[in-house]
Amino acid sequence: MNFRFSDIQTLLSVAEKGSFRAAALALEVGQPAVSRRIRRLEDNIGVSLFERRSTGASLTNAGRQFTSQVRFLQAEFEAAVSSAQDAGVAREGSLCIGLIVSLSKGPYRNIVGALFEKHGSLDVCFAEAERGHLYTLLNQRRLDVVIAAGEPDSEIGDSFLIAREKLYLAVSDHHPWSGRDNLAWQEVRDATFIVSASEPGPEIGDYILQNTSDVGHAVDIRRHRLGREGIMTLVGLGRGVSLVADHWRGVQYPNVVFVPIGGDDESVPFSLTWRPDNDNPALRRFISLARIEAKRNGAHS
């Protein structure tokens with residue numbers, strides 16, 4: 001059997017309008033074309049679909065059964081087309097993002113905000129965990145993408161640099177350093193540093209050690225099983241200082257101020273990583289938005 005989509009549309013229109021003439025007007029074709037299409041359908045099926053009268057056309061018993069099935073198939077077809085179109089524009093899809101960054105301000109908030117603005121019906125989930133665990137989830141396809149500190153790493157997956165960020169020392173507003181415009185690492189080597197025992201705490205601790213330790217000098221780093229808010233609370237209470245990247249400053253904490261630290265050219269890289277075999281359309285659109293943000297920040301991608 002050779003069915004044409006135009007023939008099916010004509011069948012449904014005639015059934016709805018009750019006449020070949022009205023269907024022709026609705027479809028914006030000539031009445032002979034309507035008659036030709038219906039005749040072609042009837043020849044293919046081998047039964048009459050309509051009873052023709054001078055007052056119009058009515059479905060035969062076979063026509064009613066066939067039309068009922070065709071309407072069901074049409075609804076299924078339209079749903080399939082809509083689903084494909086939605087997937088193509090990242091609607092009614094899903095995206096899972098692993099984070100070792102804050103969305104309080106900066107480029108990562110900009111990317112996610114643009115995603116919500118352009119693809120508001122997309123189902124997005126977020127996960128924060130240890131770096132190794134996030135990359136394990138990425139390899140298992142339980143995460144689509146990971147944003148974390150570090151240079152792009154091709155051994156993990158496809159990756160590019162989103163931004164390089166200035167570092168700040170979080171100190172109590174009563175601390176002598178709170179009014180400074182900038183701090184040098186050698187000035188803070190004897191401070192008590194407070195970091196989280198979980199990500200990104202270990203990485204922050206390593207960075208502090210790299211910049212403050214030397215032979216014969218022990219750096220005082222206190223690790224707590226607290227999140228960012230807990231660490232900042234301790235800083236505000238005068239229990240020590242902590243290190244943050246620029247985007248973490250989007251949240252204000254009681255009695256905490258942020259002072260730039262290091263040289264003018266000192267920064268920390270942040271990259272986006274995903275599996276190259278992940279064909280999720282929503283991921284592709286997220287990557288596209290991230291590349292736009294990376295170019296805005298002067299990062300190469």
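Predicted model, so just to flag it, every value in this text is computed and none were measured. (Residues numbered from 1 in each chain as written. Predicted model: local features only at pLDDT ≥ 70, side-chain atom pairs only at ≥ 80, totals over all residues. Heavy atoms only, no water.)

**Structural notes on the overall build of the protein**
As a reminder of what qualifies: Secondary structure elements are defined from DSSP: runs of H or I of at least 4 residues count as helices, runs of E of at least 2 residues count as strands, and each element is numbered from the N terminus. Two things to know: the radius of gyration comes from C-alpha atoms, and the globule rule equals 2.2 Å times the number of residues to the power 0.38. Working rule for contacts: check all heavy atoms of both residues, and any pair within 4.5 Å makes them a contact. To be clear on the numbers: accessible area is Shrake-Rupley with a 1.4 Å probe, and residue cover counts the displayed protein chains and nothing else.
A count of helices and strands for the protein gives ten helices and twelve strands. The C-alpha atoms of the protein give a radius of gyration of 32 Å, which is well past the 19 Å a tight globule of 301 residues would have. For the C-alpha atoms alone, the extent of the protein along its principal axes is close to 105 × 35 × 35 Å. Counted over contacts in the protein with a minimum sequence separation of 6, partners at least 24 positions apart contribute 72%. Carbon and sulfur atoms provide 47% of the accessible area of the protein, an area that totals close to 16000 Å².

**Topic: the pattern of salt bridges**
Rule in force here: The term salt bridge refers to a side-chain nitrogen of Lys or Arg lying within 4 Å of a carboxyl oxygen of Asp or Glu.
In total, this model carries twelve salt bridges according to the counting rule given. Linking Asp277 and Arg275 is a salt bridge whose minimum nitrogen-to-oxygen distance equals 2.8 Å. Here the residues in one salt-bridge network are Lys105, Asp246 and Arg249, joined through shared partners.

**Observations regarding the state of the cysteines**
Operational definition: Disulfide: a pair of cysteine sulfur atoms within 2.5 Å of each other.
Per the stated rule, a full pass over the model turns up one disulfide. What pairs with Cys96 in a disulfide is Cys125, and their sulfur atoms sit 2.3 Å apart. Handedness of the Cys96-Cys125 disulfide follows from its S-S torsion of about 135°: it is right-handed. With Cys96 in strand 3 (residues 94–99) and Cys125 in strand 4 (residues 123–128), this residue pair connects regions lying 29 residues apart in the sequence.

**Some details on the packing of aromatic side chains**
Filter applied, for reference: Two rings from Phe, Tyr or Trp (for Trp, the six-membered ring) form a pair when their centres sit within 6.5 Å of each other. Planes less than 30 degrees apart are called stacked, planes more than 60 degrees apart edge-to-face, and all others tilted. Should the NZ of a Lys or the CZ of an Arg lie within 6 Å of a ring centre and within 35 degrees of the ring normal, that charge is described as sitting over the ring.
With the rule as written, the count across this model stands at four aromatic pairs. Arranged with centres 5.6 Å apart and planes meeting at 50°, the rings of Tyr108 and Phe270 form a pair that is tilted. Of this pair, Tyr108 sits in helix 5 (residues 107–118) while Phe270 sits in strand 12 (residues 268–274), and the two are 162 residues apart along the sequence. Sitting over the face of the ring of Trp248, Arg228 holds its NZ or CZ atom 4.6 Å from the ring centroid.

**Details of the nonpolar core**
Note the following rule: Take the buried Ala, Val, Leu, Ile, Met, Phe, Trp, Tyr and Cys residues and link them wherever side-chain atoms come within 4.5 Å; each set so joined is a nonpolar core. For every residue, the accessible area obtained with a 1.4 Å probe (protein chains only) is divided by the maximum for its type, and the residue is called buried under 20%, exposed over 50%, and partly exposed between those limits.
By size, the foremost hydrophobic cluster in this structure holds 61 residues, and its most contacted members are Leu169, Phe193, Met232, Leu272 and Phe286. It is helix 10 (residues 281–296) that provides the largest number of residues to this core, a total of seven residues. When residues no more than four places from it in sequence are discounted, the contact partners of Met232 are Ala170, Ser242, Val244, Tyr253, Val256 and Phe258. Of all hydrophobic cores here, the second largest spans 14 residues; its members include Leu11, Leu12, Ala24 and Ile38.

**Observations regarding helix 8 (residues 201–212)**
Put simply, the rule is: Expected span, for any helix, means 1.5 Å times one less than how many residues it has. The arc in question is formed by the directions pointing from the helix axis toward the C-beta atoms.
End to end, helix 8 covers 16 Å across twelve residues, agreeing with the expected 16 Å (1.5 Å per residue, within 8%). Within the sequence span of helix 8, burial applies to Gly201, Ile204, Gly205, Ile208 and Thr212. The arc that holds the buried residues of helix 8, viewed along the axis, is 100°, so those residues lie on one side. Against helix 7 (185–188), strand 8 (192–196), strand 9 (220–224), helix 9 (228–236) and strand 10 (242–245) lie the buried residues of helix 8.

**Some thoughts on the side chain of Ser104**
We apply this condition: Pairs of N or O atoms within 3.5 Å make up the polar contacts considered here, provided that, within protein, one atom can donate a hydrogen while the other can accept it, and that residues adjacent in sequence are counted only when both atoms are side-chain atoms.
Turning to its location among the elements, Ser104 is positioned in the loop between strand 3 and helix 5. Among the polar contacts listed, one links the side chain of Ser104 to the side chain of Ser102, at a separation of 2.8 Å. A distance of 3.0 Å separates the side chain of Ser104 from the backbone oxygen of His247, its partner in a polar contact.

**Digging into the pairing of strand 11 (residues 256–260)**
Rules: In this scheme, strands are said to pair when DSSP sees at least two bridges between them.
Of all five residues in strand 11, four are buried; the element is thus mostly enclosed. Pairing between strand 7 (residues 167–172) and strand 11: five bridges, direction antiparallel. The residue of strand 11 that forms the bridge with Leu169 is Val259.

**Overview of unusual backbone geometry**
A positive phi is found at Glu28, a non-glycine position, where the angle reads about 60°. Mapping Glu28 onto the fold places it in the loop between helix 2 (20–27) and helix 3 (31–45). One non-glycine residue, Arg141, lies in positive phi territory at about 65°. By secondary structure assignment, the location of Arg141 is in the loop between helix 6 (131–139) and strand 5 (145–149).

**Regarding the environment of Ala290**
Here Ala290 shows up in helix 10. The buried category is assigned to Ala290, whose relative accessible area is 0%. C-alpha of Ala290 to C-alpha of Leu209: the two residues are 81 residues apart in sequence and 31 Å apart in space. In this structure Ala290 touches Ile111, Phe160 and Leu272, once residues within four positions along its chain are discounted.

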